Amino acid sequence: MTASPTDAPATQVIEWRRWLHQHPELSFQEHGTAQYVEDLLRSFPNLSVSRPTPTSVLAILKGTAGPGRTVLLRADMDALPIQEDTGLAFASVNPGVMHACGHDGHTAMLLGAARELSAHPEALRGEVRFIFQHAEELFPGGARELVDGGLLDGVDVAVGTHLMSPVPAGVIVLREGPLLAAPDSFDLTIHGHGGHAAFPHTTIDPVVIAAQVILGLQTVISRQRDPVKAGVLSVTTLHGGTAHNVIPGEVALGGSVRIFDPDLRAAMPERMEQVVRGITDAYGATYTFTYHTGYDAVNNDPAVTQVLREVAATALPDVTVHPGEPLMGGEDFSAYMTRVPGSFILIGAGGPDAAPHHHPKFDIDERALDSGTTMYVAAARRLTQPE
Ligand SMILES: [Zn+2]
Ligand SMILES: [Zn+2]
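Residues numbered from 1 in each chain as written. Chains lettered and ligands numbered in written order. Predicted model: local features only at pLDDT ≥ 70, side-chain atom pairs only at ≥ 80, totals over all residues. Heavy atoms only, no water.

**Some remarks on the coordination of the zinc ion (ligand 1)**
In an ideal tetrahedron of four donors about a metal, each angle is 109.5 degrees. In an ideal octahedron of six donors, the angles are 90 or 180 degrees. Let me state the cut-off plainly: Coordinating N, O and S atoms are those within 2.8 Å of the metal (3.2 Å for Na, K and Ca), and as water is not part of the atoms, a site may appear to have fewer donors than expected. Only DSSP runs of H or I with at least four residues qualify as helices, and only runs of E with at least two residues qualify as strands; both kinds are numbered from the N terminus onward. Per-residue accessibility, obtained with a 1.4 Å probe over protein chains only, is compared with the maximum for each type, and a residue is labelled buried under 20%, exposed over 50%, and partly exposed between these values.
The coordination sphere of the zinc ion (ligand 1), as far as protein atoms go, consists of Cys-101 (SG), Glu-137 (OE) and His-358 (NE2), spread over 2.0 to 2.2 Å. Along the chain, the residues donating to the zinc ion (ligand 1) are arranged with the sequence spacing C-x35-E-x220-H. In this structure, the zinc ion (ligand 1) lies 3.1 Å away from the zinc ion (ligand 2), the two metals sharing Cys-101 as a donor. Of the two residues, Glu-137 sits in the loop between β4 (127-133) and α4 (142-148) while His-358 sits in the loop between β16 (342-350) and α9 (367-383), which places them 221 residues apart along the sequence. By relative accessible area, which is 22% here, Glu-137 ends up partly exposed.

**Let's talk about the pattern of salt bridges**
Counted only if it meets this: Throughout this description, the term salt bridge denotes a Lys or Arg side-chain nitrogen within 4 Å of a carboxyl oxygen of Asp or Glu.
Overall, the coordinates contain 23 salt bridges when judged by the stated rule. Note that Glu-366 is salt-bridged to Arg-17, the shortest N-O span being 2.9 Å. Note that Glu-366 is positioned in the loop between β16 and α9 and Arg-17 in helix α1 (residues 7-22), a separation of 349 residues in sequence. According to the relative accessible area criterion, Arg-17 is buried, its value standing at 1%. Asp-261 serves as the salt-bridge partner of Lys-229, at 3.8 Å between the closest nitrogen and oxygen.

**Structural notes on the domain arrangement of the chain**
It is common to report an interface's size as the accessible area lost on association of the parts. Stated formally: Reported domain spans reflect what an automatic or database domain assignment gives. The contact definition used throughout considers only heavy atoms, calling two residues in contact when any of these lie within 4.5 Å. Take the accessible area each of two parts loses on contact, using a 1.4 Å probe, and add the two losses: that sum is the buried area. A 3.5 Å cut-off defines polar contacts: any pair of N or O atoms within that distance qualifies, except that in protein one atom must be a possible hydrogen donor and the other a possible acceptor, and neighbouring residues in sequence count only when both atoms are side-chain atoms. Any residue outside Ala, Val, Leu, Ile, Met, Phe, Trp, Tyr, Cys, Pro, Asp, Glu, Lys and Arg is labelled polar, Gly included; the first ten of those are nonpolar and the last four are charged.
Under the domain assignment used here, the chain contains domain 1 (7-180 + 297-383) and domain 2 (182-292). Its C-alpha centre places domain 1 at a distance of 37 Å from the equivalent point of domain 2. Counting residues at the interface gives nine residues for domain 1, matched by eight residues for domain 2. A combined buried area of about 610 Å² lies between domain 1 and domain 2, and 75% of that area is made up of carbon and sulfur atoms. Broken down residue by residue, the surface that domain 1 buries against domain 2 is led by Ala-297, Met-328 and Gly-330, which jointly contribute 71%. Here domain 1 and domain 2 share zero salt bridges between them. Across the domain 1-domain 2 interface, the total number found is one residue pair in polar contact (both at pLDDT 80 or more). Here the side of domain 1 that touches domain 2 is composed, by residue class, of seven nonpolar, two polar and no charged.

Here it is, written out as structure tokens:
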């Protein structure tokens, strides 16, 4: 289906993916994974391999075809705190930990690209940095740490990929502009005054107040947001009380806020707190409200994405390229994009019946791996060309 890699390297990528799938590790704890990746990279020629952080791995390849630009290729390596329920022969051997987002595939694809590119430095100008990143799933994320450590110094463009379960294999998504939202979160505790369930008038009932606050927060999105600007606010945790006959002293809740527009995002903490303040005030309660600013939105550079579109047409002639839609999920690949232009490619790896990401039955269609490896290789060769 593609010029490179050949069938044999594609099989190797699948083997690497299966080993990684079987040995998942949580964010910031990817020690075995990083060692596995480092050992493989050291077995390839022409790479300079290092550990920018304890659980991330960097390989640098200098092309010998002449001067050119420096391209960062990124894969993430961390897994999730989920008990796997796929029944796969290579299912996780680590209880309660699972590659349920496809990062095993990302790592294997980038290893495949490193192997192909490092074998042919004469086909490459400039420089390629392969970053096997730790901790995408856990805020503040590994990307920020790597950027702060100087990974992007001298880098001209960054390319990342994500396997996508709802998109079938044989389709990739290249989208100019907004692709993934900024995933913020919040914690709120409503402090009332507890007491006997039979004598509510002697209490300040935080359960009833929490119910009104939850509904009030929904209106921040539905009534205060310009409806053409995408946004979602989900209250996802709610804890309070210990007995049927006791009104608790406080109720804690938390949730997720996902937005693309920077101005709307910046306004959210105060708008939310205004609702919380008004409702708790009305009933004589107090509150503690904390808004956590998460990753920035992923905004694909139009020029880089257009080049990738040309690259895909040549390198993956049998693959359908789709413009996709913005998604409310988040990704810390945005940390690279704050410093250099970049593009994040979604690679179809499932289909309509596939389990969603972060689900115990999540799996990928391994035919997608070849598309990802090929895109990494072709993008690196093209984007390192002098402008
Ligand atoms: Zn994920
Ligand atoms: Zn992911």
